[in-house]
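Tertiary structure, described
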Amino acid sequence: MKDILWSDVKYALRQLGRTPGFTLTAILTLALGIGVNAAMFSVIDQVFLRPLPYKNADRIVRFGGQSSSGQDLSVMSLPDAQDFAARSRSLQGVAWYSYKFVTLGGAEEPRMTPQVISSTNLFDLLGIRPMLGRSFAHDDGTPGRNHVVILGYSVWKEQLHGARDAIGSTVKLNGDPYTVIGILPAGIGFPDPRTGDFVYAPLETEIGSMHDRSNSSLSLIGLMRPGVHVPQTQIELNEIRQQLRKEFPKDESKELIRVVSYRNSLTRNVRPALLALSFAVVAVWLIACANVAGLMLTRINGRRREIAICSALGAMRARIMQRYLTECMLLALSGGIAGLGVAAAILRMLKHYLSAKLLYGENIHISISVTVFLLVASIVSALMFGLVPAWIAANASAQEGLRENSIAAGTSRRQSILRDAVVVTEITLTLTLLIAAGLMIRTLLVLQHAKLGFVPEKVVTGEIYLPTHGTGAFGLQYNPDASDLIQTFYRPLEEKLEHTPGITAVGLETVRPMQPNWSFSGSVWIRGRPKPDAASEQHAILRTVNPGYFQTFRIQLLRGRFFDEKDTPDSPLVAVVNQAFVHRVFPGEDPIGKQMKVNETDSPRNWATIVGISDNVRQLSAGDESQPEFDLDLMQLKPSDDLYPILASFIMNISVRGSLPANTTERAIRTAVHQLQPEIAIDGLSPMDQIVTDSLGDQTLAARLLAIFGLAALGIAIAGIYGLFSYSVSQRTREFGVRLILGAPREAVVWLVLRHALFLLGIGVAAGTAMAFAISGVMRSFIYGFHGYDVFTLLAVVLVLSVCGLVASYLPARKAAAVDPIAVLRME
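Each value, and the rule that gives it
- Here the residue numbers are simple positions, counted from 1 along each chain's written sequence.
- The model is predicted, so local features are restricted to residues of pLDDT at least 70 and side-chain atom pairs to those at 80 or more, both for listing and for counting; the totals for chains, interfaces and linings are taken over all residues.
- Heavy atoms throughout the structure, all of them, feed into the side-chain values; hydrogens and water do not.
- Helix and strand assignments come from DSSP, with helices taken as H or I runs of at least 4 residues and strands as E runs of at least 2, each series counted from the N terminus.
- Burial classes follow relative accessibility: with a 1.4 Å probe on protein chains only, a residue under 20% of its type's maximum area counts as buried, one over 50% as exposed, and anything between as partly exposed.
- Residues count as neighbours in contact if any of their non-hydrogen atoms are within 4.5 Å of one another.
- We get accessible surface area from the Shrake-Rupley algorithm with a probe of 1.4 Å; when it comes to residues, only the shown protein chains can shield them.
- Confidence scores labelled pLDDT are given residue by residue by the predictor and lie between 0 and 100.
- Axis definition: a line fit to C-alpha positions, over the contact stretch in the case of helices; interaxial angles, taken between N-to-C directions, run 0 to 180 degrees.
- With respect to orientation, any angle under 35 degrees is reported as roughly parallel, any angle over 145 as roughly antiparallel, any angle of 65 to 115 as roughly perpendicular, and every other angle as oblique.
- Whether a crossing is left-handed or right-handed is set by the direction in which the near helix is turned from the far one by less than a right angle, anticlockwise for left-handed and clockwise for right-handed.
- Amino acid classes used here: Ala, Val, Leu, Ile, Met, Phe, Trp, Tyr, Cys and Pro are nonpolar; Asp, Glu, Lys and Arg are charged; the rest, including Gly, are polar.
- Classification of ring pairs rests on two measures: the distance between centres of Phe, Tyr or Trp rings, Trp counted by its six-membered ring, which must be within 6.5 Å, and the angle between planes, read as stacked under 30 degrees, edge-to-face over 60 and tilted in between.
- Only Lys NZ and Arg CZ are tested; either one counts as a charge over a ring when it is within 6 Å of the ring centre and within 35 degrees of the ring normal.
- Definition used for salt bridges: Asp or Glu carboxyl oxygen within 4 Å of a side-chain nitrogen of Lys or Arg.
- Patches in this entry comprise residues that are over 30% relatively accessible and not in a salt bridge; like charges within 9 Å are linked, as are nonpolar side chains (Val, Leu, Ile, Met, Phe, Trp, Tyr) within 5 Å.
- A pair of strands is considered paired only if DSSP assigns at least 2 bridges between the two.
- How far a helix is expected to stretch is found by multiplying one less than its residue total by 1.5 Å.
- Residues belong to a common nonpolar core when they are buried Ala, Val, Leu, Ile, Met, Phe, Trp, Tyr or Cys residues joined through side-chain atoms within 4.5 Å.

**Some thoughts on the overall build of the protein chain**
- Helix and strand counts for the protein chain stand at 25 helices and 22 strands.
- Burial status across the protein chain gives 53% buried among its 828 residues.
- Within the protein chain, counting contacts between residues at least 6 apart in sequence, those at least 24 apart form 81% of the total.
- Within the structure as shown, the protein chain displays about 35,700 Å² of accessible surface, and the carbon and sulfur contribution to it stands at 58%.

**With respect to the confidence of the model for the protein chain**
- Here the protein chain averages 78 in pLDDT, while 79% of its residues score no lower than 70.
- When pLDDT is averaged over each helix and strand of the protein chain, the minimum, 51, is found for helix H12 (residues 398-402) and the maximum, 93, for helix H15 (residues 548-553).
- Across residues 404-410, confidence stays below pLDDT 50; counting only partners more than four residues off in sequence or on other chains, it has 19 contacts.
- For residues 469-481, every residue scores under 50 in pLDDT, and the model assigns this stretch 45 contacts once sequence neighbours within four places are set aside.

**Let's talk about the packing of helix H22 (residues 746-774) against helix H24 (residues 791-817)**
- Direction vectors running N to C along H22 and H24 enclose 150 degrees, while the axes themselves pass 9 Å from each other. The orientation of H22 with respect to H24, classified from their angle, is roughly antiparallel. Both H22 and H24 take part in a crossing whose hand is right-handed. Along its contact with H22, which presents Arg746, Val749, Val750, Val753, Leu754, Ala757, Leu758, Leu761, Val765 and Thr769, the element H24 presents Leu794, Val798, Leu801, Ser802, Gly805, Leu806, Ser809, Tyr810, Ala813, Ala816 and Ala817.
- Its residues assigned to classes, the contact of H22 with H24 comprises 16 nonpolar, 4 polar and 1 charged.

**As for the packing of aromatic side chains**
- Evaluated as defined, the whole model comprises 18 aromatic pairs.
- Relative to phenylalanine 562, the ring of phenylalanine 550 lies with its centre 4.0 Å away and its plane at 10 degrees, an arrangement referred to as stacked. One end of the pair, phenylalanine 550, is in helix H15; the other, phenylalanine 562, is in the loop between strand E16 (557-560) and strand E17 (573-578), and 12 residues separate them in sequence. The exposure classification of phenylalanine 550 matches that of phenylalanine 562, with both residues buried.
- The lysine or arginine in question, arginine 527, covers the ring of tryptophan 607, its NZ or CZ lying 4.0 Å from the ring centre.

**A closer look at unusual backbone geometry**
- Cis geometry is found at the peptide bond from phenylalanine 190 to proline 191, where omega equals 10 degrees.
- Tracing the sequence through the fold places proline 191 in the loop between strand E8 (176-183) and strand E9 (199-202).
- At asparagine 56, a position not held by glycine, the phi torsion is positive, near 55 degrees.
- Mapped onto the elements of the fold, asparagine 56 is located in the loop between helix H2 (20-49) and strand E1 (60-66).
- The backbone phi angle of arginine 554 is positive, close to 55 degrees, even though this residue is not glycine.
- Note that arginine 554 resides in the loop between H15 and E16.

**Description of the side chain of serine 261**
- Counting through the fold element by element, serine 261 comes out in strand E11 (residues 257-261).
- Judged by relative accessible area, which is 19%, serine 261 ranks as buried.
- With sequence-adjacent residues up to four places away left out, serine 261 is seen in contact with Ile60, Val61 and Val230.

**Some details on the pattern of salt bridges**
- By the definition in use, this model includes 11 salt bridges.
- The closest approach of N and O atoms between arginine 559 and aspartate 590, which form a salt bridge, is 2.9 Å. In this pair, arginine 559 is assigned in strand E16 and aspartate 590 in the loop between helix H16 (579-585) and strand E18 (595-597), connecting sequence segments 31 residues apart.
- With a relative accessible area of 33%, aspartate 590 lands in the partly exposed category.
- Several salt bridges converge on common partners, so that one network encompasses Arg529, Glu589 and Lys594.

**A few points about a nonpolar patch on the surface**
- A surface patch of nonpolar side chains, about 380 Å² in accessible area, is lined by Leu333, Leu375, Ile379, Leu383 and Leu387.
- Top element by residues in the nonpolar patch is helix H11 (residues 368-394). It accounts for 4 residues.
- Note on placement: isoleucine 379 falls in helix H11.
- Note on isoleucine 379: relative accessible area 34%, which makes it partly exposed.

**A closer look at the pairing of E1**
- Where burial is concerned, most of E1 is hidden: 6 out of the 7 residues are buried.
- By the bridge criterion, 5 bridges tie E1 to E11 in an arrangement that is antiparallel. From the neighbouring strand, phenylalanine 63 faces E11, where its bridge partner is valine 259.
- Bridging between E1 and strand E2 (residues 73-74) involves 2 bridges; their strand directions are antiparallel. If you follow glutamine 66 over to E2, its bridge partner there is leucine 73.

**Some words on the packing of helix H21 (residues 733-741) against H22**
- Remark: H21 packs on H22, axes separated minimally by 10 Å, with the N-to-C direction vectors making an angle of 145 degrees. Helix-helix and strand crossings are classified by hand; for H21 and H22 the assignment is right-handed. Residue-level inspection shows Glu735, Phe736, Arg739 and Leu740 of H21 in contact with H22, the latter providing Arg746, Val749, Leu752 and Val753.
- Taken together, the residues that form the contact of H21 with H22 break down as 5 nonpolar, no polar and 3 charged.

**A look at the environment of serine 216**
- Tracing the backbone shows serine 216 in the loop between E9 and strand E10 (219-224).
- Serine 216 gets classed as partly exposed once you look at its relative accessible area, which sits at 37%.
- Once the C-alpha coordinates of serine 216 and alanine 81 are considered, the two residues, 135 residues apart in sequence, prove to be 9.9 Å apart.
- When near neighbours in sequence (up to four residues on either side) are disregarded, serine 216 contacts Val75, Met76 and Ser77.

**Considering helix H6 (residues 230-247)**
- End to end, H6 covers 26 Å across 18 residues, agreeing with the expected 26 Å (1.5 Å per residue, within 8%).
- Residues of H6 that are buried make contact with E1, helix H3 (78-87), strand E3 (91-104), E10 and E11.

**Remarks on helix H14 (residues 485-498)**
- In this model, H14 (14 residues) spans 18 Å end to end at C-alpha, consistent with the 20 Å of a helix rising 1.5 Å per residue.
- Along H14, the positions that sit buried rather than exposed are Leu485, Ile486, Phe489, Tyr490, Leu493, Glu494 and Leu497.

**Some thoughts on the side chain of threonine 552**
- Relative to the assigned elements, threonine 552 resides in helix H15.
- Judged by its relative accessible area of 0%, threonine 552 falls in the buried class.
- The residues touching threonine 552, leaving out its near neighbours within four places in the chain, are Val459, Ala505, Val506, Gly507, Ser655, Val656 and Arg657.

**Quick notes on the environment of asparagine 37**
- Here asparagine 37 lies in helix H2.
- Separated by 242 residues in sequence, asparagine 37 and phenylalanine 279 place their C-alpha atoms 9.8 Å apart.

**Digging into the nonpolar core**
- In this structure, Leu331, Phe385, Leu433, Phe454, Phe550, Leu706 and Phe709 are the most contacted members of the largest nonpolar core, which totals 68 residues.
- With sequence-adjacent residues up to four places away left out, phenylalanine 385 is seen in contact with Leu30, Cys289, Val292, Ala293, Met296, Cys328, Leu331 and Ala332.
- The next biggest cluster of nonpolar side chains, apart from the first, holds 51 residues, and it includes Leu497, Leu508, Leu634 and Ile669.

In structure tokens:
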């Protein structure tokens, strides 16, 4: 058996060596098809298959209210979290946490560091044990004991230089001392499992506001009991929600509870895009296999005499099939080896983008599992493109094959159907891929020219963070005895920058446009209307901005006025609402002069009068519709106001418009800030137009990849169509010769071939269009602004593919028309 196999291998190597053009073309085609699949498998392996670094990670879930968009989970209150933990039988434990930024002292420049404030059982639920020190104890959340902190590995290495005696030392968060009690192992973090850049502190549960059921500020995770699944847990938690609504009808939300596995919650944003791209690379692979199958058919047709001699000498059909499958296997394995290089090159090209976008994107590489995938894909490829040609070779007629120049004898109807099926398959898959790429590119072009509601050019923006920032919702109370930040810092900063040559406007805002990571919202209660309960109240995005904000971003005033010098800390609060707010809250009414409550307490300072209506601004990205929004004047707030700790001393964005280069403007901002407050951390300074471009980063990357895969598929398909029609023409040489002898013009022979090509193109176009429509649901889930198919894109793609297909068919047709009829008769 080994001798036979080795003999087949040597025979296959000789045959492939005699046709280097065919061999090289087949290997390169397979390398492209197998390589892109191996690269995508490497991505999927890291993002979806690699286990999270938590004990029992497959049983950890996130849960919360189903948001209006249906995409994310809403935060919940501490009483709700405690009730779910006490009443659930599906969950072994429940933990809660909030996420914020703090200034971490100890560096040359204050560092802005993400902080997780959580229940004390968080690490026990995750199954994480500190490598140094201890985890949180139950009483660490009580007053007087909650100034303890656990550091992520990266923070420990960078801030404390990896000191082994760090346990018991003190670090300053927002200027307050915290005792280090633990250091997490490398490569473990939460809520992002990839990074050790977090610091962790226990949530102080004795704060009165935390026990308000309407104070929703906590994200919830749970550990399901063994044998319990997500659907069961979701049903039970919704039953608990119904019980709570009966007990607290005014405070409990109507939102249904949604439960998702923690891994799925981390990959939710990229999952649809990766699935779509997976379809694209599989399509390229299938087209490559179909192309090589067409080349093999042409190759076998040229070796019919050789096959016939083997049959005449007594070779069994199985033996002939084995010989040709060995040849196909060598081609596939060579293509797989070359595909390894293609996969590595693609991953190197994409790693810059993937590391920031995907879970474990920085760890994507060619691993053992990817190598095994390459081997399996190569074997499957050999069977896909080799079985049919090998079967045709084994079943070829020996009598016809022994006739001289039997290539002119024609083909059976079955072979013709198989050849046509290969062509239609290539056209269908290529058209589907090109339609998807075309629609995504067209959608991106539309989004790039979408109305943003502001002018991003010439604006530089970033976040500033003071050590005095804090909010009671997270367990850190603002110090009312601290100086008024507006008067001592924001106003001087504004004046200093406005007097800088080249700067024309300075904006201060709690949340800048297109900043999806931060969101402040408030319930809407209009004076003269009944107070809404938690189940029916409306919400709107809440911002505090200075008067220069509207000028900086050049936001259009539709009616009324913007903030001005008349709006002082001693005058009544005023508000500017956007058009979306008017449409939802005041349909058919004039909102100017109406008053709305901006906080729950009964202080007169919590009512604001609407003085202006602004144009809608895209708050999250260019593809997201503007949400209702109301803006308060930052310069009116006082330290005694209820909203001051959150909206004036929590986090602030600074945005500057001017004629200076972006890097010069950034230096001016840093210089002005540090001259006033050296301890301030500044983060994310960037040109606003770059932020707009980055907001479409995922779609841009997906569009580029789809375009690359689509063009690769088009090139492979054209080569395949040409090869298969060349094969068809060679099989019908006698037919064409007879037609010419009987007086048929050569143009008629050309049209005969082209007519058949048009018939196959028509079937492929219809099937490809139908398939593209079938995957429209997936495209809608990750293409911002995509609402369906446009005729222009569809017709353009069909036209391009049809022209390429006809050109690939025309060359064999010209060859058919050039047949010498006398030479054909001599062959017979």
